[in-house]
Structures are given as structure tokens and as C-alpha cells.
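Fold and geometry: a report
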Amino acid sequence: MNWEGNAGCTWGESSATSDDAHISIRNLVKIFKRDESETVVLDNFTLDIRKGELITLVGPSGSGKTTILRLIAGLIEPTSGEIHIDGRPCAAPGSDRGMVFQDFALFPWRSVRKNVEFGLELAGIPKEERKERAEKYIKLAGLEKFIDSRVHELSGGMKQRVGIARALVGHPDVILMDEPFGSLDAQTRNIMQVQLLKILEKTDQTIVFVTHSVDEAVFLSDRIVVLTKRPAAIKEIIDIPWPRPRDRADREFAALRKRILTELEEENVMDY
């Protein structure tokens, strides 16, 4: 492996959109108010994300990683600033974005097929088309043998594959993944990372991924965005030039992992 990080590469406050940006975040501010207090989570946060890349956000707990995902998803509104996807304002939830959660967020009484079809049902997609599309992504996730199993019968890793299939089946342009493997044991987590990459080889979605695991970020990402403690700023953006699959035992992999851990420790984060 051979790499060069973009040390100190932070974005300015320009309102111009990069020509190759799929997701453009400009001067984003998010303030949460409760009673008489205010918490500034994001302050003039600016980032461009390219089409088809897997970009990972790492940073201290409470630095705003999940808040950024929820803002892109349209689940919450910014206090100020703008988010655009392919030049379109991103102000509300839409079918162009899918989300995968840490806690699976599945219906345990439903079958794998019915969970994957759920969003298509809400969108009024005809039954036969729902079935065809669901089966395609269930197969892509390696779950075809469990298509009629109830979710409560599945392992944690299999449940998360159902969640990924459900996010993909609506053909969204953007997949938002919030600690998707955080509740899994180490071995299952590593297996799921490999499975995710196999799935993504056959799709062209843009992935915004949040994790507390630096090892996971280096293994998966095209770029890693290292955040400061809140209000979140971009401390560094690191391009990962190595092809996939990556060797975790490689010295340069370990060196980059250590470098990012050092960056986080400088933000007084000791639990990575």
C-alpha cells in the first residue's frame, strides 16, 4: 500500500458548489434549543461529496455525525445553511435517500420479503413489481434462502443485511448509514463490512457512513472526514488510495489508523 493524506485539508466557507459534487453542504448551522439553553452542534459546516463514493464521518461522541446524516435525510431542519443533491434543495425526506440504522429498525413479525417491500408498499408500487424488486435485493444481500423467514428468527448480521436490502430496493441515489454494524460482535462486524463492499460493487449509490471504528473507516472508505468536537468542524479529509479489499494487517493500513486515532485523541476522545 502507498498513501498520502491531505493533512489539514479543511473546507472554506464558499457558497460555490463543486462541479463534481453529488451532495453539496454549505455553511450549515444546527442549534438545538431546550428550555433556556442552546447547543450549537454545527457551525458553518461545508462539505462536498462526490457521486458514487463511500465517505465516512468519524469524530468525538456528540460531535454531530448523526446530526449531519439526519439533516441530509431531511429528518430535521438546519438552523441555517443549505444542502443540495444534484443541485436540488434537500429540505425534506425523499425517495432519493435511504437510511440504515444501528438498531435495524425492522418489523420482527414480518418476513424478510415483507420488510424489504415495506417502503415500496408505502409508495404504492404494484404487488408484482414489489416482489420482483425485493427478490433482487434480497438475493444481492445473500438472503434468498431466508426470504420467507420472520426477522426475529435471524442473527444480528442477517438483520442488518435485511436493512441494507430495504434501503437499496427503492433505488435511492444516496444511502445514509448510521453506525450500521455498531451492535454486532467483532467477527460478524468484519463479515458485514466485506458483505457491504460486495453489495456496493453492484450498485452506484453514494454512501455517507458514520462509525466510531477507525479500523472500519479505513477498511471501507474512499474518503474519511475527521471531525472536531462540537461545534463540528472538519479537522482533516483523507483520501484512501488503496484498492479494495484492504489488508488490515498491512503496515500502512495500521499507520493510517494510528494517525487518525491520534487526531481524535487530540480532540480529547479516548474511547476509540
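Just so it is clear, the model here is predicted, and its values are computed rather than measured. (Residues numbered from 1 in each chain as written. Predicted model: local features only at pLDDT ≥ 70, side-chain atom pairs only at ≥ 80, totals over all residues. Heavy atoms only, no water.)

**Observations concerning the pairing of strand 9 (residues 223–227)**
Along strand 9, five of the five residues are buried, which leaves the element largely enclosed by surrounding structure. Burial of strand 9 is two-sided: the residues R223, V225 and L227 facing one way and the residues I224 and V226 facing the other way are all buried. Examined bridge by bridge, strand 3 (residues 54–58) and strand 9 share four bridges and lie parallel to one another. When the sheet's bridge partners are listed, I55 is paired in strand 9 with R223. By the bridge criterion, five bridges tie strand 9 to strand 10 (residues 234–239) in an arrangement that is antiparallel. If you follow I224 over to strand 10, its bridge partner there is I238. What sits between the antiparallel neighbours strand 9 and strand 10 is a turn of six residues. (Buried < 20%, exposed > 50% of the residue type's maximum accessible area, 1.4 Å probe, protein only. Helix = DSSP H or I, 4+ residues; strand = E, 2+ residues; numbered from the N terminus. Pairing = 2+ DSSP bridges.)

**Some remarks on the pattern of salt bridges**
Tallying each qualifying case throughout the model produces 21 salt bridges. One network of salt bridges, in which partners are shared, links R50, E53, R223 and D239. (Salt bridge = Lys/Arg side-chain N within 4 Å of Asp/Glu carboxyl O.)

**Quick notes on the sheet that holds strand 9**
Paired through backbone hydrogen bonds, the strands of a sheet run either parallel or antiparallel to each other. The strand order 6-7-8-3-9-10 describes an open sheet built from six strands, whose pairing is mixed. Two strands close off the open sheet at either side, each with one partner strand: strand 6 (97–100) and strand 10. With direction set aside, neighbouring strand axes in the sheet form an average angle of 15°. (Axes fitted to C-alpha atoms, helices over the stretch in contact; angles between N-to-C directions.)

**Focus: the side chain of R97**
Among the structural elements, R97 can be located in strand 6. Polar side-chain contacts of R97 include one of 2.9 Å to the side chain of D96. Residues within four places of R97 in sequence aside, it is in contact with I72, A73, G74, I85, C90, A92, P172 and V174. (Polar contact = N/O pair within 3.5 Å; in protein donor to acceptor, adjacent residues only side chain to side chain. Contact = heavy atoms within 4.5 Å.)

**Focus: the nonpolar core**
With 51 residues, the main nonpolar core has I164 and I260 as its most contacted residues. The leading source of residues in this core is helix 4 (residues 156–169), at seven residues. Beyond its immediate stretch of four places on either side in the chain, I164 contacts V100, M177, F181, M192, L196 and I199. Of all hydrophobic cores here, the second largest spans 29 residues; its members include L28, L71, V208 and V225. (Core = buried A, V, L, I, M, F, W, Y, C linked by side-chain atoms within 4.5 Å.)

**Focus on helix 3 (residues 127–140)**
Between its first and last C-alpha atoms helix 3 spans 20 Å; for 14 residues at 1.5 Å apiece the expected length is 20 Å, and the two agree. Within the span of helix 3, buried status applies to R130, R133, A134, Y137, I138 and L140. The arc that holds every buried residue of helix 3, seen down its axis, measures 155°, which confines them to one face. Helix 3 presents E128, E132, K136 and K139 as exposed residues on the side facing more than 90 degrees away from its buried surface. At the C-terminal side of helix 3, G142 shows a positive phi close to 75°. (Expected span 1.5 Å × (residues − 1). Arc of directions from axis to C-beta.)

**Thoughts on the confidence of the model for the chain**
Scored by pLDDT, the chain comes out at a mean of 87, with 91% of its residues at no less than 70. In the model, residues 1–17 has pLDDT below 50 throughout and makes 47 contacts with residues more than four positions away in sequence or in other chains. (pLDDT = per-residue confidence, 0-100.)

**Topic: unusual backbone geometry**
R230 connects to P231 through a cis peptide bond whose omega is -5°. As for its position among the elements, P231 is in the loop between strand 9 and strand 10. For the peptide bond that leads from R244 to P245, omega is 0°, which places it in the cis range. Inspection of the secondary structure assignment puts P245 in the loop between strand 10 and helix 7 (251–265). Its identity is not glycine, yet H171 carries a phi of approximately 55°, on the positive side. Relative to the elements of secondary structure, H171 occurs in the loop between helix 4 and strand 7 (174–178). The phi angle at E179 is positive, at roughly 50°, despite the residue not being glycine. Its place among the elements puts E179 in the loop between strand 7 and helix 5 (186–200).

**A closer look at the sheet that holds strand 1 (residues 21–34)**
Taken together, four strands build an open sheet; the order of strands is 2-1-4-5 and the sheet is antiparallel. Each edge of the sheet is formed by a strand with only one pairing partner; in this case those strands are strand 2 (37–50) and strand 5 (88–89). When strand 4 (residues 80–85) meets strand 5, the two strands line up antiparallel, connected through two bridges. Looking at the pairing, I85 lines up with R88 of strand 5. Packing of helix 1 (residues 65–73) onto the sheet brings it into contact with strand 1, strand 2 and strand 4, and relative to strand 1 it is tilted by some 115°.

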